[in-house]
Amino acid sequence: MILIISKKQETTTNEVIKWLLAMDKKFIRVDEDEVFEIKVKEKRIYIESQRNYFYIDEINSVWYRRGGLKFKNFQYDSPPVDIHMQEHQHWLQDYVIKKIESKKHVNKQNNSAVNKLLVLEQAKKVGLDVPEYYLAENTAEVVFDKTIIKPLTGNITINAYKDYAESIMYTNVIAHQEDDSFFITFFQEKIEKDFEIRSFYLNGEFFSTAIMSQNDERTKTDFRKYNLEKPNRNVRYNLPVEIEEKTHQLMVLLDVNCGSIDFMKSGDKFYFLEVNTVGQFLGVSAMCNYAAEQAIAEYL
């Protein structure tokens, strides 16, 4: 049995499930609104929600996409007993999650979010080129027009900001001085690129796409500022073997076996930018006919 942990109406999950159905593979899908109770029957642990019920020893493989397993915590009237039982429940829940994650898997709930700063440090350790970067609370040392700014968080959206239902934080070039100090911010050297590369990585295999974003002023700094009237050209691309080997080392160090990885080619260098463990990949998969969603279904 395959366990899928995701969110409602998540498009990538839906596409992988289509392949699982075609392959006649049995699966259980858990969405973000489900709350499970941990129970035992005949010495076997099972978890139960209003929608799903399964023994954890029935699970053979797991795909963590988004969301996460959530558990009901029982409360007790006596404060000392409640403190003890909260810890008791914590370790039982921790055991269930880790037991499930010990199965064959595509990503894990416990490390689904990676720290961008730590990832960049590890990338340099394995020998990948990384644009120079630093943290600062002001623009005193910024080289204007040659420095970019981007969020440290993996979530690039802000919901219900001012009059916008959803606002996206794009990569931007710093062009002027800020008079006031601000919260610690990530600054990085601006690289004059030949093109960008988005690689979908699955268990040592790379599905890479070259994105020709440099010739359009709209997408030059951040290709996610899509020009729908004149879209960027996207073509299949093979990264040099040495870059794939170093990146594979990085993913092993991070204990992540699936994700979207961004590079930038400039001259003879391939600059590593970041890895997103739960990023979207259907677009580049479809444009380059990679069928990455089929590859996930086959692996599971």
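This text goes with the structure placed above it.
Just so it is clear, the structure is predicted and the values come from calculations on it, not from any experiment.

1. Quick look at helix H4 (residues 241-254)
Moving on, step 1. If you check H4, its first and last C-alpha atoms are 20 Å apart, about what 14 residues at 1.5 Å a residue would give, namely 20 Å.
Moving on, step 2. Those residues of H4 that sit buried are Ile 243, Thr 247, Leu 250, Met 251 and Leu 254. For H4, the angular spread of the buried residues around the axis is 95°, confining them to a single face. The exposed set on the far side of H4, more than 90 degrees from its buried face, consists of Val 241, Glu 242, Val 252 and Leu 253.
Moving on, step 3. Of the surrounding secondary structure, the elements contacted by the buried residues of H4 are helix H3 (116-125), strand S14 (195-202), strand S15 (205-212), strand S17 (258-266) and strand S18 (269-276).
Moving on, step 4. One or two positions beyond H4, positive phi appears at Asp 255, with a value near 60°.

2. Description of the pairing of strand S4 (residues 44-48)
Moving on, step 1. Where strand S3 (residues 37-41) and S4 come together, five bridges link them in antiparallel fashion. When the bridges of S4 are listed, Lys 41 appears paired with Arg 44.
Moving on, step 2. Connecting S3 to the antiparallel partner S4 that follows it, the hairpin turn spans two residues, and Glu 42 within it adopts a positive phi of roughly 50°.
Moving on, step 3. The loop that links S4 with its antiparallel partner strand S5 (residues 53-55) comprises four residues.

3. So, the environment of Ile 28
Moving on, step 1. Secondary-structure assignment places Ile 28 in strand S2 (residues 27-30).
Moving on, step 2. Taking C-alpha positions, Ile 28 is 6.2 Å from Ile 2, a pair spaced 26 residues apart along the chain.
Moving on, step 3. Discounting residues that sit within four places of it in the chain, Ile 28 has contacts with Met 1, Ile 2, Leu 3, Ile 4, Asn 52 and Phe 54.

4. Examining the sheet that holds S17
Moving on, step 1. Read across the open sheet, the five strands follow the order S16-S15-S14-S17-S18; overall the sheet is antiparallel. A single partner strand is all that each edge strand has here, and the edge strands are strand S16 (233-237) and S18. Taken pair by pair, the neighbouring strands of this sheet meet at an average axis angle of 25°, ignoring direction.
Moving on, step 2. Bridge count for S14 against S17 is eight bridges, and the pairing is antiparallel. The residue of S17 that forms the bridge with Phe 195 is Lys 265.
Moving on, step 3. Of the strands in this sheet, S14, S15, S17 and S18 are in contact with H4, which crosses S17 at around 140°.

Rules used in this analysis
- Residues numbered from 1 in each chain as written.
- Predicted model: local features only at pLDDT ≥ 70, side-chain atom pairs only at ≥ 80, totals over all residues.
- Heavy atoms only, no water.
- Helix = DSSP H or I, 4+ residues; strand = E, 2+ residues; numbered from the N terminus.
- Expected span 1.5 Å × (residues − 1).
- Buried < 20%, exposed > 50% of the residue type's maximum accessible area, 1.4 Å probe, protein only.
- Arc of directions from axis to C-beta.
- Contact = heavy atoms within 4.5 Å.
- Pairing = 2+ DSSP bridges.
- Axes fitted to C-alpha atoms, helices over the stretch in contact; angles between N-to-C directions.

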